[in-house]
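In case you want the letters, here they are:
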Amino acid sequence: MLFAIDPATGQSLGEYPSLDQAALNQHIQRAQDAYPGWRKTPLQERARVLQAVAACLRREKSALAELMAREMGKPVKEGGPEVEKAAWCAEHYAEFAERYLQREELPSDAALSYVCYQPLGTTLSILPWNAPLWLAFRALAPALMAGNTCVLKHDPNVPGCGAAIEGIFREAGAPTDIVVNIPIETAMVESAIRHPAVAAVSFTGSDRAGAIVASIAGSEIKPVVLELGGSDPFVVLADADLEKAADVATLSRIINAGQSCIAAKRIIVEAPVYDRFIDLLKPRLRALTLGNPLSTETDIGPLARGDLRDNLHRQVQETVAAGANCALGGELPQGPGFFYPATLLTEVTDSMCAFREETFGPVMAVTRAGDAEHALELANATDYGLGAGVWTGNQEMAEQFAMEINAGQVAINGIVKTDPRLPSGGIKRSGLGRELGPHGIREFVNAKQVWIG
């Protein structure tokens, strides 16, 4: 059984039957049986299906936002935009897949030689709970437009969201079983990866779990894309627009109660403006409302699970015990639910817990850098390499800085975000491969070379 728990109250939302091995095999086979017909469906018709799905998402936006709020605590004022972003992703690939997948003619000793991009078969997407709609469509939209069918294994925390996504495709009139939801317990994921009908695997989650998924997929010689954890640096140099930087640092760190892989997690500030920047952060964090995710007034909802909150509090306590200053928050709230307040840790050094570990919650750790060179050194002092932000008034320096940061993406004077138009992914323990943009749709295709004499 899968158990949905309301993180705002700690109370049960209901139980969902999980598949046994025989039912899992049948579900995956359904997607495989749908593949030949979907593969032969013209791109223009695939696009019409994705456009209908996007329209259906928008019609169900309020209900889906409420479902996310109940199952994983996302405030409804963030849930609605997440559904819109999922719809945008479907529409983007509906519009641009043909261009992204057009054959490429290459010079050779042939009369004609080219590369064409063909689907692989049935893909398996293994998803986390923190962005149930967006992360699903980030995987589904490009795979479907490339001609693959999709098996969706959502997180046990959000079984209702997984079922709702499959329902959206039915409601939109999509061909039967091009997307199949598999409600299974974590212990059965390996058998899903190893299923002969699964041609490729995408995984979003922790680096530890990603390593396990990659090893299983590798043993089966199946391609895999991994989007894993992050401890993203947010570097503020002395000549930055501090007001704007403080606004974006707060948004990036606090959105989704800080439960985002690409959130700004290590705020690194050049010494001459460090104290001023702290003064700007405090009122912004203090003004945020912690509360019921179903209220439109709520800025920060609960964390998704009690164990996540316990670990976050441990990280805060260890960091303070090591000498950091807790300037705001840092105390477990009384009452039901898995809430944690906006917390500001200052004078955090590179040896402290909140700097060395990924913090998945509304905790901002701010570190002082002696100069720009030291800030770059601190930014790269991590096992992760997902995203990074750089704030400076010197455009030339910013681009040089971006070239030296070890990350999959860098935002200069802006927020690190995912965008259907642009590839996203990490290096080091943040993963491998790319999602979104033209690069993402080409991850799960056969780049077939054709040589004509």
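Residues numbered from 1 in each chain as written. Predicted model: local features only at pLDDT ≥ 70, side-chain atom pairs only at ≥ 80, totals over all residues. Heavy atoms only, no water.

**Describing the nonpolar core**
Selection criterion: We call a set of buried Ala, Val, Leu, Ile, Met, Phe, Trp, Tyr and Cys residues a nonpolar core when their side-chain atoms join them within 4.5 Å. Buried, partly exposed and exposed residues are distinguished by accessible area as a fraction of the type maximum, computed with a 1.4 Å probe on protein chains only: under 20%, between the cut-offs, and over 50%, respectively. Starting at the N terminus, helices and strands are each numbered in turn, a helix being any DSSP run of H or I of at least four residues and a strand any DSSP run of E of at least two. Note: domain ranges come from an automatic or database domain assignment.
Grouped together as the largest cluster of nonpolar side chains are 60 residues, with contacts concentrated most on L57, L133, F137, L144 and F169. When contributions to this core are tallied by element, the ones reaching two or more residues are α2 (43-59), α3 (61-72), α4 (76-100), β4 (112-119), α5 (134-145), β6 (149-153) and α6 (159-171). Top element by residues in this core is α4. It accounts for ten residues. Looking at this core, you find at least three residues from each of domain 1 (2-228 + 430-452) and domain 2 (233-412). Of all hydrophobic cores here, the second largest spans 53 residues; its members include A240, F277, L280 and A324.

**Overview of the pattern of salt bridges**
Rules: Only one rule defines a salt bridge in this text: a Lys or Arg side-chain nitrogen within 4 Å of an Asp or Glu carboxyl oxygen.
If you walk through the whole model with that rule in mind, you get 27 salt bridges. When the shortest N-O distance is used, the salt bridge between R284 and E243 registers 2.7 Å. With R284 in helix α10 (residues 274-286) and E243 in helix α9 (residues 242-254), this residue pair connects regions lying 41 residues apart in the sequence. Note that D247 is salt-bridged to R284, the shortest N-O span being 2.6 Å. With D247 in helix α9 and R284 in helix α10, the pair connects residues that are 37 residues apart, well separated along the chain. What makes D247 partly exposed here is its relative accessible area of 43%. A single network of salt bridges, built from pairs that share partners, joins R30, E166, R170 and D177.

**A few points about the state of the cysteines**
Selection rule: Throughout, disulfides are identified as pairs of cysteine sulfur atoms within 2.5 Å of each other.
A full pass over the atoms with the stated rule returns zero disulfides. This cysteine, C161, is not joined by any disulfide, and C56 carries the nearest cysteine sulfur, 15 Å off. With no disulfide partner, C353 has as its closest neighbouring cysteine sulfur the one in C326, 14 Å distant. C353 sits in the buried class, given a relative accessible area of 10%.

**Notes on a negative patch on the surface**
For clarity, the cut-off: Residues forming no salt bridge and having over 30% relative accessible area are the ones grouped into patches, like charges within 9 Å of each other and nonpolar side chains (Val, Leu, Ile, Met, Phe, Trp, Tyr) within 5 Å. Methods summary: accessible areas were calculated by the Shrake-Rupley approach with a probe of 1.4 Å, and residue burial reflects only the protein chains presented. By the counting rule applied here, Lys and Arg register as positive and Asp and Glu as negative, while His and the ends of each chain are not counted. In plain terms, the charge of a residue is placed at NZ if it is Lys, CZ if Arg, CG if Asp and CD if Glu.
On the surface, D350, D371, E373 and E377 cluster together into a negatively charged patch. The residue D350 is located in the loop between β13 (343-346) and α12 (353-356) in this model. D350 sits in the partly exposed class, given a relative accessible area of 36%.

**Re the packing of aromatic side chains**
Worth spelling out the cut-off: Between the rings of Phe, Tyr and Trp (Trp by its six-membered ring), a pair exists once the centres lie within 6.5 Å; its type follows the angle of the planes, with under 30 degrees stacked, over 60 edge-to-face, and the other angles tilted. In this analysis the charged atom, NZ for Lys or CZ for Arg, is taken to sit over a ring once it is within 6 Å of the ring centre and within 35 degrees of the ring normal.
Enumeration according to the criterion identifies five aromatic pairs in this entry. With centroids separated by 6.1 Å and ring planes inclined at 70°, the aromatic side chains of Y93 and Y100 adopt a geometry described as edge-to-face. Of the aromatic side chains, those joined through ring pairs into one cluster are Y93, F96 and Y100. Sitting above the plane of the W134 ring, K85 keeps its charged end 4.5 Å from the centroid. Against the face of F355 rests R266, its NZ or CZ located 4.7 Å from the ring centre.

**Some points on the pairing of strand β9 (residues 224-227)**
We apply this condition: What makes two strands pair is DSSP finding at least two bridges between them. Viewed with both strands pointing away, a crossover whose connecting path from the first strand over the helix to the second turns clockwise is right-handed.
With burial as the criterion, each face of β9 is covered, one bearing V224 and L226 and the other bearing V225 and E227. The pairing of strand β8 (residues 198-204) with β9 spans four bridges and is classified as parallel. Each bridged residue has a counterpart across the sheet, and for T204 the counterpart in β9 is E227. Remark: the β8/helix α8 (residues 207-219)/β9 crossover connection has right-handed handedness. In this structure, β9 lies alongside strand β17 (residues 431-432), joined through two bridges in antiparallel fashion. Residue pairing for β17: E227 is matched across the bridge by G431.

**What about the domain arrangement of the protein chain?**
The following threshold applies: Computed with a 1.4 Å rolling probe, the buried area is the accessible surface lost when two parts are put together, summed over both parts. Polar contact is defined as a pair of N or O atoms within 3.5 Å, subject to the rule that within protein one atom must be able to donate a hydrogen and the other to accept it, and that residues adjacent in sequence are counted only when both atoms are side-chain atoms. Side-chain classes follow a simple rule in which Ala, Val, Leu, Ile, Met, Phe, Trp, Tyr, Cys and Pro form the nonpolar group, Asp, Glu, Lys and Arg form the charged group, and the remainder, Gly included, forms the polar group.
Taken domain by domain, the protein chain holds domain 1 (2-228 + 430-452) and domain 2 (233-412). Computed over C-alpha atoms, the centres of domain 1 and domain 2 are 30 Å apart. With both sides pooled, the region where domain 1 packs onto domain 2 buries about 2100 Å², and carbon together with sulfur makes up 56% of that total. Inspection of the domain 1/domain 2 interface yields one salt bridge. Measuring nitrogen to oxygen at the nearest pair gives 2.6 Å for the salt bridge that ties D299 to K77. Where domain 1 meets domain 2, there are nine residue pairs in polar contact (both at pLDDT 80 or more). Elements supplying a minimum of two residues to the side of domain 1 that touches domain 2: α3 and α4. With four residues, α3 is the largest single contributor of residues to the side of domain 1 that touches domain 2. Split into classes, the residues belonging to the side of domain 1 that touches domain 2 amount to nine nonpolar, six polar and eight charged.

**Some words on the sheet that holds strand β12 (residues 325-328)**
Our working definition: Lines fitted to C-alpha atoms define the axes here, with helix axes fitted over just the stretch in contact, and angles between the N-to-C directions of these axes take values from 0 to 180 degrees.
Pairing is mixed across the open sheet formed by seven strands, whose spatial order is β12-β13-β14-β11-β10-β15-β16. Strands at the two margins of the open sheet, each flanked by one partner only, are β12 and β16 (409-412). Across the sheet, the mean angle separating the axes of adjacent strands is 25° when strand polarity is ignored. Inspection of the sheet shows strand β11 (residues 264-270) paired to strand β14 (residues 363-369) by five bridges, in the parallel sense.

**With respect to the environment of V410**
As a reminder of what qualifies: Residue contacts are counted whenever heavy atoms from the two residues lie within 4.5 Å of one another.
Position of V410 among the secondary structure elements: in strand β16. Classification of V410 by relative accessible area gives partly exposed; the value is 29%. A C-alpha to C-alpha distance of 19 Å links V410 and A238, two positions 172 residues apart in sequence. In this view, V410 contacts A388, V390, A402 and I405; residues no more than four positions away in its chain are not counted.

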